[in-house]
Each structure stands twice: as C-alpha cells, then as structure tokens.
Amino acid sequence: MPAQREVDEAKIRQQVDKIVEGIQAKDLERLKQLYATDVVSFDVEPPLQHVGIAAKLKNWAKAFTFFQDMIYEVRDLTLIVDENVAFGHCFGRLSGTLKNGTATSGMWVRATFCFRKIDGDWLIAHDQVSVPLDMPSGKGATDLEP
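Computed from a predicted model, the values in this text were never measured in an experiment. (Residues numbered from 1 in each chain as written. Predicted model: local features only at pLDDT ≥ 70, side-chain atom pairs only at ≥ 80, totals over all residues. Heavy atoms only, no water.)

A.B. asks: Quick question: what am I supposed to make of the nonpolar core here?
C.D. replies: Nonpolar side chains in soluble globular proteins tend to end up buried together. Formed by 27 residues in total, the largest nonpolar core has its most connected members in Ile 23, Leu 31, Tyr 35 and Phe 115. Broken down by secondary-structure element, the contributors of at least two residues to this core are α1 (4–25), β1 (35–42), α3 (53–64), β3 (67–81), β4 (85–98), β5 (103–118) and β6 (121–130). In this structure, Tyr 35 is in contact with Ile 53, Lys 56, Trp 60, Leu 123, Ile 124 and Asp 127, ignoring residues within four places of it in sequence. (Core = buried A, V, L, I, M, F, W, Y, C linked by side-chain atoms within 4.5 Å. Buried < 20%, exposed > 50% of the residue type's maximum accessible area, 1.4 Å probe, protein only. Helix = DSSP H or I, 4+ residues; strand = E, 2+ residues; numbered from the N terminus. Contact = heavy atoms within 4.5 Å.)

Structure below.
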C-alpha cells in the first residue's frame, strides 16, 4: 500500500496534468478549479503580482486571446510533498498557432508551484514563472532550452 506522501504526490501530478489540459483547451472554468481563491501569482508579464483567482484567470484569458491553438508542455517536474503543503518546479513552454495563423515554438520558462491541501484537494496557492536575465543587456534570455 502506498504511503500517504506517494498518494499526495500522484494527486499533485494529476493537478499539473489538468493545468496542461486546461491551458490547451483554453478552458478558464477547468483552470479555476486548480487554484486557491487567494492564489498569488508572479507571472512573466506585469504587474509584479496577480492576487486572487480572478486576477490569475484574467491573465490566462489574456494569453488565450493571442492563440488560435495552444500547446503547453511541462518538463522535469520535481515535487516536495508534506502533509498539507507541497512545492514543485519545472520548465514550461507555451507554443502553438497564433490568431494570425503564424506557428510559434514559444519559449521555455522556469516555473514554481506551491500547493496547499484545502478540504482534501491540492490547490495552487502560489506560482511563479520567470526567464533568466541577461545582466549586461537587461533583457530576458528567452532562447534557452532545458
């Protein structure tokens, strides 16, 4: 019989799979079920933080307007799971076909997820997405691959 930690890790991995599915389907309702209502998100676009589920979903809705079709990939997901909190990090890439028909391979970003067990469900309480900074130019290094 698997230990509770193994069960919880499997559930969190399922949540990450649901993020991928929700993004690719451009389904805000599906994504809404994965976030804590008080989620704090540090995303790649301004402002410095998005607070609350409405702000997080607004950010996804904005991203959806640029794409006809979206593909979201997660690579190298690592999780640390405790009784009621967990965190993980991975690489993610959003790519697809833009509304004007142009295919884009997107860029790889670094992502961190912090989960909280709320009423038995693992929900994202915090996420952060970033790209490395090229210090001399002050620009993001968006051409790197894992």
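A.B. asks: Whenever I open this one, α1 confuses me. Can you help?
C.D. replies: Working note: α-helix, 3.6 residues per turn, so residues spaced by three or four point in the same direction. Taking 1.5 Å per residue, 22 residues should reach 32 Å; α1 reaches 31 Å between its end C-alpha atoms and fits that length. Listed in full, the buried residues belonging to α1 are Asp 8, Ile 12, Gln 15, Val 16, Ile 19, Val 20, Gly 22 and Ile 23. Elements in contact with the buried residues of α1: α2 (28–32), α3, β3, β4, β5 and β6. Lys 26 occupies a position one or two residues after α1 and carries a positive phi of about 55°. (Expected span 1.5 Å × (residues − 1).)

A.B. asks: Explain the side chain of His 50 to me, please; I cannot follow it from the model alone.
C.D. replies: Inspection of the secondary structure puts His 50 in strand β2 (residues 50–51). Judged by relative accessible area, which is 7%, His 50 ranks as buried. Leave out the neighbours within four places in its chain, and His 50 touches Val 39, Val 40, Ser 41, Asp 43, Glu 45, Ala 55 and Asn 59.

A.B. asks: Just to check I follow, could you spell out the sheet that holds β2 for this structure?
C.D. replies: The strand order across the open sheet built from six strands is β2-β1-β6-β5-β4-β3, with neighbouring strands paired in mixed fashion. The strands lining the two open edges of the sheet, one partner per strand, are β2 and β3. With four bridges connecting them, β1 and β6 associate as parallel partners. Bridged to Phe 42 within β6 is Gln 128. Running at roughly 165° to β3, α1 makes contact with β3, β4, β5 and β6 of the sheet. (Pairing = 2+ DSSP bridges. Axes fitted to C-alpha atoms, helices over the stretch in contact; angles between N-to-C directions.)

A.B. asks: Before we go on, may I ask you to explain the pairing of β3 in this structure?
C.D. replies: Pairing of β3 with β4 involves twelve bridges; the strand directions are antiparallel. Bridge pairing links Ile 71 to Ser 95 in β4. Turn length for the β3-β4 hairpin, with the two strands adjacent in sequence and antiparallel, is three residues.

Fair warning: the whole summary comes from geometry, so function is off the table for now.
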